[in-house]
Amino acid sequence: MLFALGLTIFAGLSTGVGSVIGFLSKRFNPKFLSGALGFSAGVMVYVSLVEIFFKARDSLSVVYGEKTGYWITIAGFFAGIAIVALIDRLIPSAENPHEISNINFKEADDEKVDSTRLMRMGLFSALAVAIHNFPEGLATFMSALTDPALGISIAVAIAIHNIPEGLAVSAPIYYATKSRKKAFIYSFLSGVSEPVGALIGYFVLRSFFNESTFGIIFAAVAGIMVYISLDELLPTAEEYGEHHIAIFGLIAGMAVMAVSLVLFI
């Protein structure tokens, strides 16, 4: 449990890395981030559809039979997608760090920009990241509890994914306050909800945790990770770099995940 929690903390608090990158932007290569985000998406899509989904199906088939178990797995998968999509829907697009146009903050270079408005944008971005990190934290935590090797892969993928979110939080707060410390603290704290979400989910579910609960949660986790990859990681990767860099990163992530799964059999 401590190992799983440690991985979740690592993944969540990597938002602070995004904050640091914002301060060192003159030396930062956006094409590298593009490839890294594509790689992260490849890892998450492959492991969700090849490993996690079928682990969920196997667990549910034991309880409900093969056909019914498969249907419940499919329902859980799309329920996971619906949960994250609903979260995205409820957060206004102007403050949502997953909307590509809000990550660059080109207007922040203009000294005439209203600092109050930028501060508000930064705070709402921090809240949005915190809300999004709840299901991500549960996905990382539950995966690590079941399979440590799988948990490491997912934690690294989500950590890479959290970097631009940290940038989305820190950039407007820095330009509003001119304080690197405040920008870093808000960015760092927005990632704390990841381990918090993992612990809340675990303690709420553990009292009735069984083969059926495990299968449904894993199916939902697969859906959550596929949605994050297709809705957030790949579009952001293409925004930061060229299309082919993102796709090559995606394929590389799938290949590395495929080889690692074979090695750990």
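Each chain has its residues counted from 1, running along the sequence as written. Where totals are concerned, whole chains, interfaces and linings use all residues; where local detail is concerned, this predicted model gives features only for residues with pLDDT of at least 70, and gives and counts side-chain atom pairs only at 80 or more. Calculated side-chain values reflect all of the structure's heavy atoms, with hydrogen atoms and water omitted.

K.L.:
Is there a simple way to think about the overall build of the protein in this case?
P.N.:
Helix and strand labels come from DSSP, where a helix needs a run of H or I of at least four residues and a strand needs a run of E of at least two; each type is numbered from the N terminus. Regarding its fold elements, the protein presents ten helices and zero strands. For the protein, the sequential pattern of α-helices and β-strands runs α-α-α-α-α-α-α-α-α-α. Accessibility here uses a 1.4 Å probe with only protein chains present; expressed as a share of the type maximum, an area under 20% marks a residue as buried, one over 50% as exposed, and anything in between as partly exposed. Evaluated residue by residue, the protein yields a buried proportion of 54% over its 265 residues. Contacts between residues were defined by any pair of non-hydrogen atoms, one from each residue, lying within 4.5 Å. Long-range pairs, those at least 24 residues apart, make up 85% of the contacts in the protein with a sequence separation of at least 6. Residue exposure ignores everything except the shown protein chains as possible cover, and the areas themselves are Shrake-Rupley values with a 1.4 Å probe. Approximately 12,400 Å² of the protein is accessible, and the part contributed by carbon and sulfur atoms is 68%.

K.L.:
Just checking my understanding: could you explain the packing of helix α1 (residues 2-12) against helix α8 (residues 193-205) for this structure?
P.N.:
Helix packing for two helices is described by the angle between their axes and how far apart those axes are. For every element, the axis is a line fit to its C-alpha atoms; helices are fit only across the contacting stretch, and the angle between N-to-C directions ranges from 0 to 180 degrees. Axis separation between α1 and α8 bottoms out at 7 Å; the angle between their running directions is 145 degrees. Here L5, T8, I9, A11 and G12 of α1 come into contact with α8, specifically with E194, P195, A198 and L199. Charged means Asp, Glu, Lys or Arg here, nonpolar means Ala, Val, Leu, Ile, Met, Phe, Trp, Tyr, Cys or Pro, and polar covers whatever is left, Gly included. In the contact of α1 with α8, the residues fall into six nonpolar, two polar and one charged.

K.L.:
Help me understand the side chain of E194 in this model?
P.N.:
One can find E194 in helix α8. Within the buried set, E194 has no salt-bridge partner at all; the shortest N-O distance to an opposite charge, 19 Å, is to K55. Residues in contact with E194, not counting those within four places in the same chain, are T8, A11, G12, N133, E136, G137, T140, I158 and N162. We count Lys and Arg on the positive side and Asp and Glu on the negative side, and we leave His and both chain ends out. One speaks of a salt bridge when a side-chain nitrogen belonging to Lys or Arg is within 4 Å of a carboxyl oxygen belonging to Asp or Glu.

K.L.:
Would you mind going over the environment of Y227 with me for this structure?
P.N.:
By secondary structure assignment, the location of Y227 is in helix α9 (residues 211-240). For the pair formed by Y227 and I83, sequence separation is 144 residues and the distance between their alpha carbons is 9.8 Å. When neighbours within four sequence positions are excluded, Y227 is seen to be in contact with I81, V84, A85, D88 and E232.

K.L.:
Sorry if this is basic, but what is going on with the pattern of salt bridges here?
P.N.:
Once their charged atoms are close, side chains differing in charge can pair, the charge on each being opposite to the other. Overall, the coordinates contain three salt bridges when judged by the stated rule. With a closest N to O distance of 3.4 Å, D147 and K55 form a salt bridge. Taken together, the positions of D147 in the loop between α5 (115-146) and α6 (148-177) and K55 in helix α3 (residues 30-64) put the pair 92 residues apart, joining distant regions of the chain. Between D58 and R57 there is a salt bridge, with the nearest N and O atoms lying 3.9 Å from each other. The partly exposed category is assigned to R57, whose relative accessible area is 23%. In this structure, a network of salt bridges that share partners links the residues E51, K55 and D147.

K.L.:
So what exactly am I meant to see when it comes to the nonpolar core here?
P.N.:
When a protein is soluble and globular, its nonpolar side chains tend to lie buried together. By convention a nonpolar core is built from buried Ala, Val, Leu, Ile, Met, Phe, Trp, Tyr and Cys residues, the set being connected through side-chain atoms within 4.5 Å. Membership of the largest hydrophobic core comes to 51 residues, with the highest contact counts inside it found for M44, V47, I52, F141, I154 and M225. For this core, the secondary structure elements donating two or more residues are α1, α3, α4 (66-90), α5, α6, α8, α9 and α10 (243-263). Counting residues in hydrophobic clusters, the runner-up holds six residues, among them M119, A126, A176 and A183.

K.L.:
I keep staring at the packing of aromatic side chains and nothing clicks. Help me out?
P.N.:
How two aromatic rings sit relative to each other is given by the distance of their centres and the angle of their planes. What counts as a ring pair is set by centres within 6.5 Å for rings of Phe, Tyr and Trp (its six-membered ring), and what kind of pair is set by the plane angle: stacked under 30 degrees, edge-to-face over 60, tilted for all other angles. By the definition in use, this model includes five aromatic pairs. Both rings, one in F53 and one in F54, keep their centres 5.4 Å apart while their planes meet at 80 degrees; by these two values the pair is edge-to-face. On the basis of relative accessible area, F54 is assigned to the partly exposed category, the value being 30%. Ring centres of F184 and F188 lie 5.6 Å apart, and the angle between their planes is 25 degrees; on these two criteria the pair is classed as stacked. Within this pair, F184 and its partner F188 are both found in helix α7 (residues 180-190), separated by four residues, close to a single helical turn. Accessibility expressed as a relative area gives 32% for F184, which makes it partly exposed. Three or more aromatic residues link up through ring pairs in this structure, and these residues are F53, F54, Y70, F77 and F78. The aromatic ring of Y70 is capped on one face by R57, whose charged end is 5.0 Å from the ring centroid. A positively charged side chain is recorded as over a ring if its NZ (Lys) or CZ (Arg) lies within 6 Å of the ring centre. The angle to the ring normal must also be within 35 degrees.

K.L.:
Explain a nonpolar patch on the surface here, please?
P.N.:
Here the term patch refers to residues with relative accessible area over 30% and no salt bridge, with like charges joined within 9 Å and nonpolar side chains (Val, Leu, Ile, Met, Phe, Trp, Tyr) within 5 Å. Together, V20, F184, I185, F188 and L189 make up a nonpolar patch on the protein surface, roughly 380 Å² of accessible area in all. A per-element tally of the nonpolar patch places α7 first, with four residues.

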